[in-house]
Structures are given as C-alpha cells and as structure tokens.
Amino acid sequence: MIEKKTKLLLGSVAADIAEAGRILREGGTVILPTETVYGLGANACDAAAVSAIFAAKGRPQDNPLIVHLTDVGQLPPLVCGELPPQLYALASRFWPGPLTVILPKSDAVPPETAGGLATVALRLPSHPVARAVLAAAGVPVAAPSANRSGSPSPTTVAHCVDDMWGRVDAIVDGGDCTVGVESTVLTLCTDPPRLLRPGAVTLEQLRAVLGAVEVDPGVMERLADTVQVSSPGMKYKHYAPRAQVSLVCGSSAAYAAYMNQGAGRGAWALCFDEELPLLQGQALSYGAVHDHAAQATALFGQLRELDRLGATRAVIHAPDTDGVGLAVYNRLVRAAGFSIINLE
Ligand code: TXA
Ligand code: MG
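Note that the structure is a prediction, hence the values are computed from the model and not measured.

**Comments concerning a nonpolar patch on the surface**
- Residues Leu-8, Val-161 and Trp-165 make up a contiguous nonpolar surface patch of about 270 Å² in total accessible area.
- With respect to the helices, strands and loops of the structure, Trp-165 is situated in the loop between α6 (157–164) and β8 (170–173).
- Exposure remark for Trp-165: the relative accessible area of 43% places this residue in the partly exposed category.

**Focus: the site of ligand 1**
- Looking at ligand 1, there are 25 residues lining it, with Thr-36, Asn-63, His-68, Ser-183 and Gly-233 nearest.
- Taking Asn-63, its side chain carries an N or O atom lying 2.6 Å from an oxygen atom of ligand 1.
- Contacts to ligand 1 include Arg-197, whose side-chain N or O atom sits 2.9 Å from an oxygen atom.
- Bound to the protein, ligand 1 loses 96% of the 680 Å² it would expose on its own.
- Within the residue set of the shell around ligand 1, elements represented by two or more residues are β4 (66–68), β6 (119–123) and β10 (194–197).

**Looking at empty space enclosed by the protein**
- With the rule as written, the count across this model stands at one cavity of 30 Å³ or more.
- Put simply, the largest cavity is a space of about 50 Å³.
- Met-259, Asn-260, Gly-264, Arg-265, Gly-266, Ala-267, Ala-269, Leu-279, Gln-280, Gly-281, Gln-282 and Ala-283 together form the lining of the largest cavity.

**A look at helix α9 (residues 292–308)**
- Compared with the 24 Å implied by 1.5 Å per residue over 17 residues, the 24 Å span of α9 between its first and last C-alpha is a close match.
- Within α9, the axis deviates most sharply at Leu-299, by approximately 40°.
- Of the positions making up α9, those classed as buried are His-292, Gln-295, Ala-296, Leu-299, Phe-300, Gln-302, Leu-303, Arg-304, Leu-306 and Asp-307.
- Tucked into the core, α9 has its buried residues touching α6, β13 (268–271), β14 (283–285), β15 (313–317) and α10 (325–335).
- Looking one or two residues past α9, Gly-310 carries a phi angle of roughly 75°, positive in sign.

**Comments concerning the packing of aromatic side chains**
- Applying the stated criterion to the full structure yields one aromatic pair.
- With a centroid separation of 5.1 Å and an interplanar angle of 35°, the aromatic rings of Phe-272 and Tyr-286 are classed as tilted. Of this pair, Phe-272 sits in the loop between β13 and β14 while Tyr-286 sits in the loop between β14 and α9; the two residues are 14 residues apart in sequence, bridging distant segments of the chain.

**Observations concerning helix α7 (residues 203–210)**
- For α7, the set of buried residues is Leu-203, Leu-206 and Leu-210. For α7, the angular spread of the buried residues around the axis is 60°, confining them to a single face.
- In the core, the buried residues of α7 are packed alongside α3 (85–94), β5 (99–104), β9 (184–187), β10, β11 (214–215) and α10.
- Looking at the residues trailing α7, positive phi occurs at Gly-211, about 80°.

**A short note on the packing of α3 against α7**
- The N-to-C vectors of α3 and α7 enclose an angle of 130°; their axes lie 10 Å apart at closest approach. Classified by the angle their axes make, α3 and α7 are oblique. Crossing geometry of α3 relative to α7 is assigned as right-handed. Contacts between α3 and α7 involve Gln-86, Ala-89, Leu-90, Arg-93 and Phe-94 from the former and Gln-205, Leu-206, Val-209 and Leu-210 from the latter.

**So, unusual backbone geometry**
- Note that the residue after Trp-95, namely Pro-96, is joined by a cis bond; omega there is -5°.
- Of note, the amide linkage connecting Asp-191 to Pro-192 takes the cis form, showing an omega dihedral of 0°.
- Within the secondary structure, Pro-192 is located in the loop between β9 and β10.
- The backbone phi angle of Phe-338 is positive, close to 65°, even though this residue is not glycine.
- Along the polypeptide, Phe-338 turns up in the loop between α10 and β16 (340–342).

Rules used in this analysis
Residues numbered from 1 in each chain as written. Chains lettered and ligands numbered in written order. Predicted model: local features only at pLDDT ≥ 70, side-chain atom pairs only at ≥ 80, totals over all residues. Heavy atoms only, no water. Patch = residues over 30% accessible without salt bridge, like charges linked within 9 Å, V, L, I, M, F, W, Y side chains within 5 Å. Areas by Shrake-Rupley, 256 points an atom, 1.4 Å probe, with all protein chains shown as cover. Salt bridge = Lys/Arg side-chain N within 4 Å of Asp/Glu carboxyl O. Helix = DSSP H or I, 4+ residues; strand = E, 2+ residues; numbered from the N terminus. Buried < 20%, exposed > 50% of the residue type's maximum accessible area, 1.4 Å probe, protein only. Near = heavy atom within 4 Å. Polar contact = N/O pair within 3.5 Å; in protein donor to acceptor, adjacent residues only side chain to side chain. 1 Å grid on protein atoms, 1.4 Å probe; cavity = no way out; pocket = protein on both sides within 12 Å on 5 of 7 lines; lining within 4 Å. Points joined across faces, edges and corners; volume = space filled by probe spheres on them. Expected span 1.5 Å × (residues − 1). Bend = angle between axes of the 7 residues up to and from the residue. Contact = heavy atoms within 4.5 Å. Phe/Tyr/Trp six-rings, centres within 6.5 Å; stacked < 30°, edge-to-face > 60°. Arc of directions from axis to C-beta. Axes fitted to C-alpha atoms, helices over the stretch in contact; angles between N-to-C directions. Parallel < 35°, antiparallel > 145°, perpendicular 65-115°, else oblique. Left-handed = near helix turned anticlockwise from the far one by under 90°.

From the geometry alone we can't say anything about function, so treat these as descriptive.
This is the structure:
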C-alpha cells in the first residue's frame with residue numbers, strides 16, 4: 001500500500017514551484033498541470049523515481065511514458081542519432097504545445113521510462129506552470145496522465161485529489177486544463193510518420209506540415225489480441241466511468257428518438273448542448289455539436305460527473321471526426337469499450 005503525505009502546492013507561488021522542482025530533482029513524484037490534462041511527473045532518467053509513477057497509477061509496466069522538456073536543446077542527449085528535419089518543422093509549428101513525438105531513444109532513457117521499447121516519446125508543454133516546474137526541476141520529467149489507470153484523465157486539481165491524494169509527494173494546482181484531452185502522439189520512426197493518438201494538434205495540421213501522415217488502425221478500431229500494437233496504451237481499457245457506456249452515431253433527431261423511445265430509454269444521455277431540450281430523460285451535455293474544442297475541454301469532467309451522479313448506464317452521442325473531433329471520438333470509443341451503435 002502507498003501512503004504518502006501529499007503536499008498541495010500553488011502554481012502561482014514561486015516558493016511552491018521551487019519546492020515542486022526540488023521534489024522532482026530528488027526522485028519524488030509531483031502532479032503538475034499541463035494545457036492538455038494533469039500529469040504525474042518524476043525524473044525521467046531515474047529508474048526508481050519512474051517506478052513510483054507506475055505504482056501510484058497502477059499502470060502496466062509495458063506502457064511507456066512521455067518525457068516532458070522546456071527546450072528543443074534538451075532532446076539530443078535523449079535521442080539516438082541525429083534529430084530528423086521533420087522534428088524541427090514540427091517543433092517550430094507546434095511546440096510548446098499539445099504534440100508528442102516519438103524517436104529512437106538513447107541510453108540516457110531507462111527501460112522503465114520507455115516501457116522496454118527502443119523509442120522515447122517527447123513533448124514540450126505550453127502551460128506556464130508546467131514550464132516553470134520543469135525549469136525548476138532541471139531534469140527531463142516523465143509524466144503520464146495523473147489518473148488511476150483506466151479512469152478518465154484529470155483536467156482539474158479536484159480530479160487529481162480524488163485519484164491520487166496520499167499516493168504522490170505533491171500536487172501543483174494550476175487551475176483547469178484548457179485543451180482537456182491528452183496530446184497528439186506521432187511517431188517519426190515510420191515512413192511516412194504515423195498518428196498513434198489524435199489530440200488538439202490535428203491530423204489535418206500535421207499533414208499540412210509533413211505531407212503524408214498515416215493513421216494507425218488502433219486510433220479508430222479495437223485491435224485483435226494477436227496484433228502487435230504500435231503504442232502499448234492502445235490495448236488497455238481507458239477513460240471509462242463506472243457506468244456501462246455505449247456510443248451512438250447519427251443525427252440529433254435519431255439520437256433523441258433512440259433515447260426517448262428506443263433502447264436508450266432509462267440510461268443517462270451524454271449529448272450536445274443543443275440536444276438537451278429534445279431529451280425526456282436524465283441528460284448531461286459536453287459542448288455544442290460543431291464545437292469540437294469545447295467538447296474536448298468538457299469530456300473527461302463529464303465522464304467523471306456520470307460517476308458522481310451514480311449513473312449505471314450511459315449513452316453518448318458521438319461527434320463528427322474532423323479536426324479535434326477525431327480526438328474526442330477516439331477517447332469515446334475507448335470509454336465505450338468499442339460498443340458503437342450506428343443509427344444511420
Ligand atoms: O497530454 C499528454 O500527453 C499527457 C500530459 C500529462 O502531457 N500525458 C499523457 O500520458 O497522456 P499517458 O502516459 O497517459 O499517455 C501516453 C501515451 C500512451 O498511450 C503510451 O502508450 C504512448 O503515449 N507512448 C508513450 N511512449 C511511446 C512510445 N515510445 N511508443 C509508442 N507509444 C508511446
Ligand atoms: Mg493516460
């Protein structure tokens with residue numbers, strides 16, 4: 001059992017930032033805000049510190065971590081070989097920000113951080129508190145989302161306290177996360193580069209910079225147990241509230257009919273704002289129908305809200321998959337365990 005005396009630190013207080021940096025440098029665990037979701041950080045080059053992340057989350061050891069940095073100049077010692085030209089093109093367009101890039105790793109990255117893979121995931125977050133904590137730490141910081149393994153990622157400090165109080169050394173409060181879904185994950189270890197997890201940096205934006213970008217089949221579909229996954233995170237159940245979740249594709253009218261008269265009757269609806277007046281039963285919304293950025297920001301908080309309300313069954317209306325909608329859809333199919341109902 002993990003029993004730590006967790007400190008609550010404030011991202012707006014310089015002494016608290018210095019304290020968070022000191023804890024990380026000395027091998028401790030610190031939850032820090034980023035623009036995407038809160039991360040559970042530890043020194044990425046210290047195998048013992050990284051092991052404490054896996055213990056706190058209950059995370060499978062083969063699921064690798066993202067290493068967080070403040071400056072592109074910190075990449076070369078962590079990467080095997082030269083940085084590819086594509087990395088510089090991506091960095092100048094999207095960093096700091098919600099993009100993670102995978103490259104071959106150097107020996108400075110311990111196998112614990114890389115989940116035993118020969119590659120390393122790297123990201124420069126833009127959140128000012130994340131950058132301040134990283135600068136104070138002065139070491140690369142490995143940080144998965146700060147949820148207990150399998151739960152929705154935390155987008156507020158309250159979510160972090162619920163999941164991790166007593167399991168980490170400190171939590172830094174930096175307010176609510178604005179993006180709301182985790183970073184886009186792209187590997188540069190394949191030709192063409194391949195999207196492993198969609199996020200706020202969209203497929204369309206990546207193609208505008210790089211030309212061809214493939215989408216890994218695991219982004220949209222459940223992979224057969226026999227398939228070798230490109231990203232270990234793909235094979236684990238994710239983002240799921242306690243309710244039994246199904247995802248429904250179709251028009252607002254078809255969704256409302258399904259909820260009011262069809263098989264969705266009696267379940268909680270998680271729908272778009274415009275649909276609330278159409279629904280007769282219990283319902284929450286997660287943003288306007290065409291506002292994928294707002295849906296991303298609200299999604300994980302609303303999945304947790306379903307738990308708080310004691311929902312046992314939830315039927316979620318799926319967004320279109322253009323732009324950031326692809327990231328929202330990708331999290332929802334996993335929350336639903338790939339149970340998709342097509343009404344068209
Ligand atoms: O926005 C984010 O990326 C947040 C914040 C805290 O930065 N972090 C985050 O980390 O979402 P995590 O561990 O929850 O998700 C990392 C994903 C996992 O699906 C993992 O399997 C994949 O990235 N990943 C990490 N390293 C990889 C590698 N070397 N090859 C393939 N996939 C990798
Ligand atoms: Mg995660």
